[in-house]
Amino acid sequence: MIDHPISYGRQYITEEDIQAVVEALKSDYMTQGPRIAKFEKEFAAYLGSRYACMVSNGTAALHLCSLALGIKEGDKIITTPITFVASANGFRYTGAEVVFCDIDPDTYLMDLDKLEEILCKSPRGTYKAVVPVDFAGYPIDEERLRHLAEEYGFAIVVDACHAPGASFTDSKGNKNMVGGCQYADLTCFSFHPVKHIATGEGGAVTTNDPKLYERICLFRTHGITKDPEMLTRADGGWYYEMQELGFNYRITDMQAALGSSQLKRLDWSISRRNEIARKYDKAFAGTALKLPYRQDGITHAFHLYIIQTEKRKQLYDFLRENRIFAQVLYIPAHTMPYYKALGWKEGDFPVAEEYYEHCLALPMYPSLTDAEQDWVIEKVLDFLRND
Ligand SMILES: *Cc1c(COP(=O)(O)O)cnc(C)c1O
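Everything numeric here is computed off the predicted structure, so don't read it as measured data. (Residues numbered from 1 in each chain as written. Predicted model: local features only at pLDDT ≥ 70, side-chain atom pairs only at ≥ 80, totals over all residues. Heavy atoms only, no water.)

**Quick word on the nonpolar core**
Point 1. Within the largest apolar cluster, 118 residues are counted, with the highest numbers of intra-cluster contacts made by Phe43, Ile78, Leu115, Phe135 and Leu362.
Point 2. For this core, the element with the most residues is helix H3 (residues 58–68), which contributes 7 residues.
Point 3. Excluding anything up to four places from it in sequence, Leu115 contacts Ile78, Cys101, Met110, Val130, Leu145 and Leu148. (Core = buried A, V, L, I, M, F, W, Y, C linked by side-chain atoms within 4.5 Å. Buried < 20%, exposed > 50% of the residue type's maximum accessible area, 1.4 Å probe, protein only. Helix = DSSP H or I, 4+ residues; strand = E, 2+ residues; numbered from the N terminus. Contact = heavy atoms within 4.5 Å.)

Here it is, written out as structure tokens:
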């Protein structure tokens with residue numbers, strides 16, 4: 001028996017991570033120093049993207065994408081209701097009208113057939129961006145999305161906050177890392193403590209487009225540039241210009257040091273998460289639980305291990321009594337009072353709402369011990385037996 005609480009996710013900080021932060025603290029820079037550029041280079045190299053821009057959090061990353069794409073009041077974007085509200089909010093900040101698209105009942109990702117139904121009803125260019133979420137760590141079909149983008153004229157902004165380290169194989173047989181942006185225009189990540197890389201707060205945008213990259217960097221730092229190529233005058237070495245109304249969305253050097261240190265363990269973390277998933281799969285095979293969807297050619301990042309059960313509330317409460325803090329993710333965004341006030345209502349997305357009634361995320365993080373996982377499994381099976 002395990003007598004300490006077990007949460008659905010948590011950060012894993014090693015002595016090496018701590019040393020990396022200590023070194024940053026002893027250096028000349030707390031922010032805007034060399035550790036940020038280093039982390040950006042390493043992260044882009046890992047994903048295979050041309051550029052990575054480190055920012056203060058994942059929500060800022062999404063907001064910066066909206067700014068960089070020039071999305072403004074009255075423009076429309078499409079996202080999924082089964083996500084953290086930030087996926088939609090990042091675009092609301094620039095005035096976008098957010099349209100939701102229902103999810104696929106197996107992958108729980110944006111249903112691309114339903115997306116096409118929405119797109120084909122309006123003239124090309126009606127929607128400025130489509131923002132799919134690699135929910136739980138399962139990558140969206142970016143290749144199909146690219147075909148739709150060519151046909152209907154929108155930018156692809158993948159919210160991959162759950163999916164650093166995930167990959168998919170395209171029709172040419174090539175392996176694509178999520179965030180490598182072979183098909184997407186922009187990809188966003190978060191380094192919140194429950195995510196794969198934990199820097200406290202932190203996030204990133206990756207892209208292969210030099211123009212978008214330039215704008216993301218500009219909006220990250222107040223809209224200010226010192227780049228001689230971009231300046232309208234040259235008063236002297238001190239001279240800078242504010243060219244846009246930007247923000248302070250910078251990350252610090254301490255956080256970047258922590259990110260670089262953890263990036264070294266990302267592959268290990270993904271394989272450990274997959275090992276935990278396989279053990280759950282095996283333990284719950286043949287029960288009434290619906291288990292996560294799998295497909296060949298896909299590396300699932302397993303940010304979350306989601307089950308579905310008819311007795312979700314009872315199982316949630318039973319696990320809590322045993323100090324196992326499983327979590328319900330997510331309450332559909334369109335049912336939030338804020339989005340309801342914009343015209344959405346219960347019943348708009350039946351698949352998402354049905355999912356929400358039954359979903360539960362079991363503990364899933366790389367430092368979950370075998371004994372802890374055995375305890376979680378035992379309690380879930382106890383519940384199913386006594387039910
Ligand atoms: C965590 C998360 C975000 C926001 O990231 P923060 O770093 O917390 O701002 C956005 N989208 C999804 C899907 C997330 O899980």
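Still more ground to cover, so stick around.
**Focus on the pairing of strand E5 (residues 127–131)**
Point 1. In terms of residue burial, E5 counts as a mostly covered element, since 4 of its 5 residues are buried.
Point 2. In terms of strand pairing, strand E3 (residues 76–79) meets E5 through 4 bridges, oriented parallel. Of the residues in E5, the one forming a bridge with Thr79 is Val131.
Point 3. With 2 bridges joining them, E5 and strand E6 (residues 155–159) adopt parallel strand pairing. Looking at E6, one finds that Val130 is bridged to Ile156. (Pairing = 2+ DSSP bridges.)

**Focus on the side chain of His300**
Point 1. With respect to the helices and strands, His300 occurs in the loop between strand E13 (298–299) and strand E14 (305–308).
Point 2. Relative accessible area serves as the criterion here: at 7%, His300 is assigned to the buried category.
Point 3. A distance of 3.0 Å separates a polar atom in the side chain of His300 from the backbone nitrogen of Phe302.
Point 4. Setting aside its immediate chain neighbours within four residues, His300 contacts Ala136, Gly137, Tyr138, Ile270, Asn274 and Tyr293. (Polar contact = N/O pair within 3.5 Å; in protein donor to acceptor, adjacent residues only side chain to side chain.)

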